[in-house]
Amino acid sequence: MSVALVAGFMTLLDVSIVNVALPSIRAELHLGSGELQWVLSGYALTFGLLLVPAGRFGDARGRRNAFIAGLALFTLASAAAGVATGPLWLVTARLVQGAAAGVVNPQVSGLIQQLFAPPDRGRPFGLLGATIGVSTAVGPLLGGLLIQAFGAAQGWRWIFYINLPIGAVAIALAARWLPGPPEERRERESLDPVGVALLGAGVLLLLLPLVQERQWPGPGKWLLAVAAVAVLAGFVAWEWRFARHGTSLVDLSLFKVRSYGLGTLVGLCFFGGFPSIFFTYTLLLQSGLRYSALQAGLAITPFALGSAAASALGGRTVVRSGRPLVAIGLVLVAVGLAATLVALRLEPGRGAGLAAALPLLVAGIGSGLVISPNQTLTLAEVPVRRAGSAGAVLQTAQRIGTAIGIAAVGSVFFNRLAGSGGDWEEAFRASLFVTIGFVLVALVAALVDVGSGLRQQREQVAG
């Protein structure tokens, strides 16, 4: 479990740690705005593309081998990114990094399903939720520390080099400690290559206009989203047909299970708001208020601390508390973000980081009560033999939510920045309303699940 969580932390850390290094990378390698966007978004794009196929491969062929292969590729790509001498080199390394992360992560949730009985999964999923929350939130702080320690010219390279010793140790321990496939799973199952191709094409067509939202002006790019809907509809039809004769890439019948369907929707909507906070807040602090990379990272630390503490608590109590715990967490996130709006209006300027510390702590606590409990509840009724692909679908929904959220929030942020004559604080406040909107939609989905569960309990008592 420790090996799996370390690898998960490392791959998810690289989603956010690059944020505070972007000014240094741009200055050192002379990146244009489009290339800079690909350093950030290209990672998320290939990450999302590989999740489901890699989860299915782990289910069918064994999670240990997939985990080690993905981790080895991630470590090599990190080394390549660290020694990059130009934009194309760095962007390519980041694309490979993201693909490798997409191979590693579904194996982590699959291993939890494999190694722990359903009543015992709350704690390991709590640790996984803490890993997700802390890795995303602590990334800017760690990046700021490395840039402070090694200087702007070399510090950004160390955000990639730091993965090398961790990856090497994790690979050695994974080969020794992670279990191989059970004997009954050694027979060769079809990996559904047509399903892989259709899903990959659909996700690519959906994510491309989102990650390129600022680089591709005009409405024409959204035709790709329309094409994505058509391709994904074809994927659904193929999966229903393929399931009659073999093991499909995605078991669509899982979406008939209330906890899985609504939990995936909660994950999609919450991750539409959750990572976008760090995207726009880091821009406000560094570009608007002239915070250093380290100061910007420290300003986000209260969120990370709250998320870590609450994730551990949520993991221990989720089996007893159920979906109401997720709803409470979403309420706390919405309240914390609304209080952040008030704090930044009352204390503008350089004091914004300190003024927003307590509201962000509250939002972080709420986030910790959402991520790991939602993961536990969503996967609770999934058969172990489909754990990898089911967890990968959940993570794919989260990656799609992140792309949608950053595109929507970023669009509002930059449009407001231009319309207000460069008022960074006004732009951040406007974008925060969009973030809160995503959280409230997730709350509605969670409340629907709570209400359905209560009705089911009443019917069972009456019966």
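Visitor: It is not clear to me how the nonpolar core should be interpreted in this structure. Could you clarify?
Guide: The nonpolar side chains of a soluble globular protein tend to be buried with one another. Judged by nonpolar contacts, the single largest core of 94 residues is most densely connected at Phe67, Phe270, Tyr281, Leu330 and Leu337. Not counting residues within four places of it along the chain, the set of residues in contact with Tyr281 comprises Ala299, Ile300, Ala352, Gly353, Ala356, Leu360 and Phe428.

Visitor: Sorry, what's going on with the side chain of Arg63 here?
Guide: Tracing the backbone shows Arg63 in helix 4 (residues 63-82). Residue class for Arg63 comes out buried when judged on its relative accessible area of 7%. Side chain to side chain, Arg63 and Gln114 meet in a polar contact 2.6 Å long. If near-sequence neighbours (up to four positions away) are discounted, Arg63 is found in contact with Gly58, Gln107, Gly110, Leu111, Gln114, Val384, Ala387 and Gly388.

Visitor: Looking at this model, I keep getting lost on the packing of helix 1 (residues 2-16) against helix 4. Mind explaining?
Guide: Angle between the axes and distance between the axes are the two parameters that describe a pair of packed helices. Direction vectors running N to C along helix 1 and helix 4 enclose 40 degrees, while the axes themselves pass 12 Å from each other. As the angle between them shows, helix 1 and helix 4 are arranged oblique. Classified by chirality, the crossing of helix 4 by helix 1 is left-handed. Contacts between helix 1 and helix 4 pair Val3, Ala4, Ala7, Met10, Thr11 and Asp14 from the former with Phe67, Leu71 and Phe74 from the latter.

Visitor: For this particular structure, what's the right way to read the environment of Leu22?
Guide: Examined against the element boundaries, Leu22 turns out to sit in helix 2 (residues 22-29). Note: C-alpha distance between Leu22 and Ala130 (108 residues apart in sequence) is 26 Å. What Leu22 contacts, discounting residues up to four positions off in sequence, is Leu36, Val39 and Leu40.

Visitor: It is not clear to me how a nonpolar patch on the surface should be interpreted in this structure. Could you clarify?
Guide: Together, Leu305, Leu358, Leu361 and Ile365 line one region of the surface with nonpolar side chains, adding up to about 360 Å² of accessible area. The element contributing the most residues to the nonpolar patch is helix 14 (residues 357-379), with three residues. We classify Leu361 as partly exposed; its relative accessible area is 30%.

Visitor: Is there a simple way to think about the packing of helix 14 against helix 15 (residues 387-419) in this case?
Guide: Here helix 14 crosses helix 15 at 140 degrees, and the two axes come no closer than 10 Å. The angle between the axes of helix 14 and helix 15 places the two elements in the oblique class. Relative to helix 15, helix 14 is oriented so that their crossing is right-handed. Residues Gln375, Thr378 and Leu379 of helix 14 pack against Ala390, Gly391, Leu394 and Gln398 of helix 15.

Visitor: Would you mind showing me how to read the side chain of Ser311 here?
Guide: Mapped onto the fold, Ser311 is located in helix 11 (residues 293-321). At 2.8 Å, the side chain of Ser311 and the backbone oxygen of Ser307 are in polar contact. Ignoring anything within four residues of it in the chain, the contact list for Ser311 reads Gly126, Gly129, Ala130, Gly368 and Ser372.

Rules behind the numbers
- Residues numbered from 1 in each chain as written.
- Predicted model: local features only at pLDDT ≥ 70, side-chain atom pairs only at ≥ 80, totals over all residues.
- Heavy atoms only, no water.
- Core = buried A, V, L, I, M, F, W, Y, C linked by side-chain atoms within 4.5 Å.
- Buried < 20%, exposed > 50% of the residue type's maximum accessible area, 1.4 Å probe, protein only.
- Contact = heavy atoms within 4.5 Å.
- Helix = DSSP H or I, 4+ residues; strand = E, 2+ residues; numbered from the N terminus.
- Polar contact = N/O pair within 3.5 Å; in protein donor to acceptor, adjacent residues only side chain to side chain.
- Axes fitted to C-alpha atoms, helices over the stretch in contact; angles between N-to-C directions.
- Parallel < 35°, antiparallel > 145°, perpendicular 65-115°, else oblique.
- Left-handed = near helix turned anticlockwise from the far one by under 90°.
- Patch = residues over 30% accessible without salt bridge, like charges linked within 9 Å, V, L, I, M, F, W, Y side chains within 5 Å.
- Areas by Shrake-Rupley, 256 points an atom, 1.4 Å probe, with all protein chains shown as cover.
- Salt bridge = Lys/Arg side-chain N within 4 Å of Asp/Glu carboxyl O.

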